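# Secondary and tertiary structure notes
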Amino acid sequence: MCKLNTKELSQINEIKKHYKYPQASLIEVLKIVQENRGWISDFMVKEIAYILDISSCEVDSVATFYSQIFRKPVGRNIVRYCDSVVCFLNGYLSIKKALKKTLKISLGQTTKDFRYTLLPTCCLGACDQGPVLMINKDLICHVKVAMIPKILDIYK
Amino acid sequence: MKNIKLNPETHPLTWRLNSVISPIWIHEYIKKKGYQAVLKTLKNFEPNEIIQLVIQSGLKGRGGAGFPTGVKWNLMSNNKLKKSRYLICNADEMEPGTYKDRFLLENLPHQLIEGMIIAAFALNVKYGYIFLRGDYYTAEKNLNRALSEAKNSGYLGDYICKSNFSFHLFLHTGAGRYICGEETALINSLEGKRANPRYKPPFPAISGLWGKPTCINNVETLSNIPSIILYGNTWYHSLSQSVDTGTKLLGFSGLVKKAGLWELPLGITAREIFEKYSGGMRSGYILKAWQPGGAGTSFLINKHLDVKMDFISLQEIGSRLGTGLSMAIDTSVNMISLLINLETFFARESCGFCTPCRDGLPWVVKILKKLERKHGSLDDIKLLEEISENLGPGKTFCAHAPGAVSPLKSAIKYFRTEFEAGTILFPKYFQNILV
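Analysis parameters
Residues numbered from 1 in each chain as written. Chains lettered and ligands numbered in written order. Predicted model: local features only at pLDDT ≥ 70, side-chain atom pairs only at ≥ 80, totals over all residues. Heavy atoms only, no water. Salt bridge = Lys/Arg side-chain N within 4 Å of Asp/Glu carboxyl O. Helix = DSSP H or I, 4+ residues; strand = E, 2+ residues; numbered from the N terminus. Axes fitted to C-alpha atoms, helices over the stretch in contact; angles between N-to-C directions. Parallel < 35°, antiparallel > 145°, perpendicular 65-115°, else oblique. Contact = heavy atoms within 4.5 Å. 1 Å grid on protein atoms, 1.4 Å probe; cavity = no way out; pocket = protein on both sides within 12 Å on 5 of 7 lines; lining within 4 Å. Points joined across faces, edges and corners; volume = space filled by probe spheres on them. Nonpolar A, V, L, I, M, F, W, Y, C, P; charged D, E, K, R; others polar. Buried < 20%, exposed > 50% of the residue type's maximum accessible area, 1.4 Å probe, protein only. Pairing = 2+ DSSP bridges. Right-handed = clockwise from strand over helix to strand, strands pointing away. Disulfide = S-S within 2.5 Å.

## Here's the deal with the pattern of salt bridges
All names here are of chain B. This model, assessed by the stated rule, comprises 30 salt bridges over all chains. In this structure, E28 engages K32 in a salt bridge whose closest nitrogen and oxygen atoms are separated by 2.9 Å. Notably, a salt bridge pairs R102 with E106, separated by 3.3 Å at the nearest N-O pair. Linking R102 with E106, this pair stays in helix 5 (residues 100–107), spanning four residues, or about one helical turn. Within this structure, K72, E182, E183 and K200 form a network of salt bridges that share partners.

This is how it looks when you write it as structure tokens:
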């Protein structure tokens with residue numbers, strides 16, 4: 001029945017050892033599956049529910065609650081700008097505008113070529129270096145509007 | 001951190017850092033008195049003695065609430081009947097304007113691990129978790145390396161340093177929700193559920209992770225423990241310039257000349273941090289207001305800059321120390337626009353579990369947007385004050401909404417004219433004559 005691949009299963013079995021009950025590994029499991037597949041499909045919700053022996057409703061309620069779990073397809077690169085108060089003072093609004101203009105998409109949308117998805121994020125903990133962007137796992141500080149096309153171009 | 005000469009006697013949290021800041025791995029950490037506090041603990045102390053030492057040190061939680069750490073530990077120790085118990089480090093730093101835990105996690109991971117080992121010994125805990133914010137990828141990488149170094153060197157796992165004490169520590173990463181920083185919501189998240197806060201009591205010390213006694217401390221709090229063990233209470237008291245003991249990572253951000261964080265004695269004035277360390281406002285900008293410790297703390301104004309940065313002094317003038325990382329707001333910023341940013345954040349991050357928070361915060365945003373468009377009325381300001389009261393402490397399930405409305409309340413108090421400027425002031429003859 002289980003359609004998770006061997007790599008995913010071995011990662012999941014490893015992470016389950018850290019907790020007393022399998023459900024506790026749910027968020028880590030969602031992240032493992034998402035890392036491999038880009039997003040969490042309805043089918044994967046059922047698969048994860050099966051492997052952790054919990055209901056698929058429970059998996060879905062968690063998957064839809066957390067901002068880093070995607071329940072629909074996203075681009076290869078997740079572009080997130082910090083929209084918190086210090087970045088507001090440092091001018092994130094112009095960064096947001098430039099990102100939307102360069103990518104030709106609105107917030108929460110994905111470019112047609114599935115190269116980028118644009119999302120806002122909470123304070124990234126680099127308030128001394130704002131405004132701040134995070135693309136995938138890279139934190140980019142002291143962002144200026146003019147830098148945006150060059151920064152985006154790095155991510156294929 | 002660049003303009004302070006660091007030494008162990010004055011900077012227990014940061015003295016191990018080099019001039020070019022980079023992670024301190026285990027060899028360098030051990031060379032600089034690292035893990036000596038663990039050895040001292042295992043050799044010389046009983047668990048209860050450690051708790052008493054921490055109580056006497058006066059260490060207060062550095063995550064924002066400022067609850068005495070030793071007292072929290074004592075609540076756990078009083079509950080001796082249950083065998084399974086847990087220690088959790090709250091490393092889910094998402095408070096806007098706060099960047100202190102990331103600094104400690106990335107650069108001094110062993111200091112945190114050492115603090116957790118001592119805490120686990122004091123609380124008789126065998127299993128611990130570091131609940132790390134999912135977006136802190138560098139911290140995740142560095143912590144994983146530090147955990148494996150500590151395990152390979154015998155500081156984690158079974159029979160630590162050939163003693164009878166065993167402690168297993170795991171890293172758990174979150175998936176992005178501000179509410180996970182609330183301790184009971186964090187427990188739910190760690191259990192693989194939605195991060196909805198739980199009703200208190202019972203407090204986590206009685207019924208926490210999987211219903212077992214659980215102690216949750218912030219990164220900075222736990223990072224203070226090794227030096228308290230090594231140097232003692234008298235020394236820890238002597239570090240501070242106020243009744244609250246020890247040092248604290250303090251700083252300023254916003255349009256100041258040099259935004260950053262510094263390890264400073266508690267009780268130092270905000271003016272000294274603002275002027276001496278952060279260099280004051282950038283040229284052309286004038287300070288209008290400031291938040292002492294993150295987005296959930298009340299605004300203060302220029303005249304408050306001489307306040308001591310400690311838990312008690314800030315409470316006395318109607319704000320909170322919070323996370324201790326202050327933010328300067330300049331006169332070019334309209335408070336309504338700033339509040340829209342703050343309240344939109346809080347509305348977005350509400351877990352949605354209790355109605356006042358779920359419905360109240362978007363309502364606040366809606367009114368503020370109305371005022372921004374100059375379409376508001378004086379009744380809207382009154383309504384904002386009413387909503388602030390109804391979302392205050394004790395009216396909602398957790399501290400999220402009270403934290404969200406405290407900047408709003410203080411903004412109305414200090415900048416009422418800006419709110420009034422967002423209203424349409426009808427001429428007298430348009431008013432309802434029946435009222």
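## Observations regarding the packing of helix 2 (residues 26–37) of chain A against helix 4 (residues 56–63) of chain A
Residue and element names in this part refer to chain A. At a minimum axis separation of 11 Å, helix 2 and helix 4 run at an interaxial angle of 75°. Regarding the angle of helix 2 to helix 4, the classification is roughly perpendicular. Contacts between helix 2 and helix 4 involve L26, I27 and L30 from the first element and E58, V59, V62 and A63 from the second.

## Quick look at empty space enclosed by the protein
All names here are of chain B. Tallied over the full model, the rule gives three cavities of 30 Å³ or more. Reported here for the largest cavity is a volume of approximately 70 Å³. Around the largest cavity sit I179, P197, S350, C351, G352, F353, C354, C357, T396, F397, C398 and H400, which together line it. As a volume, the second largest cavity reaches approximately 60 Å³. Lining the second largest cavity we find P12, W15, R16, Q111, S223, P226, S227, L230 and Y231. Here the residues of the lining of the second largest cavity are counted per class, giving five nonpolar, three polar and one charged.

## A look at the packing of helix 3 (residues 47–57) of chain B against helix 9 (residues 219–231) of chain B
Residue and element names in this part refer to chain B. Interhelical geometry of helix 3 versus helix 9 gives an angle of 100° and a closest axis separation of 11 Å. On the basis of the axis angle, helix 3 is roughly perpendicular to helix 9. Counting all contacts with helix 3, which are made through I50, L53, V54 and S57, the residues of helix 9 involved are I225, I228 and I229. Of the residues assigned to the contact of helix 3 with helix 9, the class counts are six nonpolar, one polar and no charged.

## A few points about the pairing of strand 3 (residues 168–173) of chain B
Residue and element names in this part refer to chain B. Of all six residues making up strand 3, five are buried, and the element is well covered by its neighbours. Where strand 2 (residues 127–132) lies against strand 3, six bridges are found, and the strand directions are parallel. Bridge pairing in strand 3 places L132 opposite T173. For the handedness criterion, the β-α-β arrangement of strand 2, helix 7 (residues 137–152) and strand 3 is classed as right-handed.

## Structural notes on the state of the cysteines
Here a disulfide denotes one covalent bond, and it connects the sulfur atoms of two cysteines. According to the stated counting rule, one finds zero disulfides over all chains in the structure shown. Not part of a disulfide, C87 of chain A finds its nearest cysteine sulfur in C82 of chain A, a span of 3.6 Å. Overall, C87 of chain A belongs to the buried group, its relative accessible area being 4%. Among the cysteines around C357 of chain B, which has no disulfide bond, C354 of chain B carries the closest sulfur, lying 5.2 Å off. A relative accessible area of 5% means that C357 of chain B is categorised as buried.

Fair warning: the whole summary comes from geometry, so function is off the table for now.
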